[in-house]
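Chain by chain, the residues run as shown.
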Amino acid sequence: MKRFILFITIFVCALSINAQKKFNPQKFRTELHQYIRSSASLTDDEAAKFFPIYDEMKERQRAIHKQIRQHKKCNAATESEARNAITMTDDLNINMKQVEKEYHQKMLRVLSALKLNAVLKAERKFHRQYFKKTTK
């Protein structure tokens, strides 16, 4: 009986380990592109011009976000270290918004303001839906 219970426990653990899917950034990016493209009604030409700019912006933002996380994890021992971490985090957040503004200007050269607005709304909606789905 003990062996049977042990076997069932191991079997259930193995199933739960297999059920946990790892995050695939390439798949996420592909799904995001498809969702944005369909939601914002981008043509092939618009998508071909828009997505390289969009992906470049996201890469720059990801690099800045990584720096922000490093500063937030800082275990400051002195007042000056804590002040420096806060100041650097604030500066990086401002830099993140400046990058976003710069790339929005580039995107407006290839898309109309209406389409870019639709793209930004679609991106926010996709993220909400994706993370709701992954938490279930």
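The shown structure was predicted, so the numbers you read here are calculated from the model rather than taken from an experiment.

A. Examining the pattern of salt bridges more closely. In the structure shown here, the tally under the stated rule is 11 salt bridges. Between Lys 27 and Glu 31 there is a salt bridge, and its shortest N-O distance comes to 3.8 Å. Residue Lys 27 and its partner Glu 31 are located together in helix H2 (residues 25-39), separated by four residues, close to a single helical turn. A salt bridge links Glu 59 to Arg 62; the nearest nitrogen and oxygen atoms lie 2.4 Å apart. With Glu 59 and Arg 62 both in helix H3 (residues 44-72) and three residues apart, this pair spans about one turn of that helix. Taking relative accessible area as the criterion, Arg 62 reaches 48% and is therefore assigned partly exposed.

B. Structural context of a positive patch on the surface. Together, Lys 121, Arg 124, Lys 125, Arg 128, Lys 132 and Lys 136 give the surface a local cluster of positive charge. Turning to its location among the elements, Lys 132 is positioned in helix H5 (residues 113-135). Given the relative accessible area of 58%, Lys 132 is considered exposed.

C. The packing of H2 against H3, seen in detail. Running from N to C, H2 and H3 point in directions that differ by 135°, and their axes come no closer than 11 Å. In terms of their interaxial angle, H2 and H3 are classed as oblique. At the point where H2 passes H3, the crossing takes the right-handed sense. In this structure, H2 uses Arg 29, Leu 32, His 33, Ile 36 and Arg 37 to contact H3, whose residues at the interface are Asp 44, Ala 47, Phe 51, Tyr 54 and Asp 55. Counted by class, the contact of H2 with H3 contains five nonpolar, one polar and four charged residues.

D. A look at the packing of H3 against helix H4 (residues 79-108). Look at H3 against H4: their axes get within 9 Å of each other, and the N-to-C directions meet at 175°. Comparing the axis directions of H3 and H4 gives the class roughly antiparallel. Of the residues assigned to the contact of H3 with H4, the class counts are 13 nonpolar, eight polar and six charged.

E. Expanded view of H2. If you check H2, its first and last C-alpha atoms are 21 Å apart, about what 15 residues at 1.5 Å a residue would give, namely 21 Å. Those residues of H2 not exposed but buried are Phe 28, Leu 32, His 33, Tyr 35 and Ile 36. For H2, the buried positions fall inside an angular range of 170° around the axis, keeping them on one side. Exposed side chains of H2 directed beyond 90 degrees from the buried face belong to Gln 34 and Ser 38. Buried positions along H2 lie against H3 and H5. At the N-terminal boundary of H2, the capping side chain belongs to Asn 24, with an oxygen 3.1 Å from the backbone nitrogen of Gln 26. Looking one or two residues past H2, Ser 41 carries a phi angle of roughly 55°, positive in sign.

Here is what the cut-offs are and how they apply
- Residues numbered from 1 in each chain as written.
- Predicted model: local features only at pLDDT ≥ 70, side-chain atom pairs only at ≥ 80, totals over all residues.
- Heavy atoms only, no water.
- Salt bridge = Lys/Arg side-chain N within 4 Å of Asp/Glu carboxyl O.
- Helix = DSSP H or I, 4+ residues; strand = E, 2+ residues; numbered from the N terminus.
- Buried < 20%, exposed > 50% of the residue type's maximum accessible area, 1.4 Å probe, protein only.
- Patch = residues over 30% accessible without salt bridge, like charges linked within 9 Å, V, L, I, M, F, W, Y side chains within 5 Å.
- Areas by Shrake-Rupley, 256 points an atom, 1.4 Å probe, with all protein chains shown as cover.
- Lys, Arg positive; Asp, Glu negative; His and termini not counted.
- Charge placed at Lys NZ, Arg CZ, Asp CG, Glu CD.
- Axes fitted to C-alpha atoms, helices over the stretch in contact; angles between N-to-C directions.
- Parallel < 35°, antiparallel > 145°, perpendicular 65-115°, else oblique.
- Left-handed = near helix turned anticlockwise from the far one by under 90°.
- Contact = heavy atoms within 4.5 Å.
- Nonpolar A, V, L, I, M, F, W, Y, C, P; charged D, E, K, R; others polar.
- Expected span 1.5 Å × (residues − 1).
- Arc of directions from axis to C-beta.
- Polar contact = N/O pair within 3.5 Å; in protein donor to acceptor, adjacent residues only side chain to side chain.

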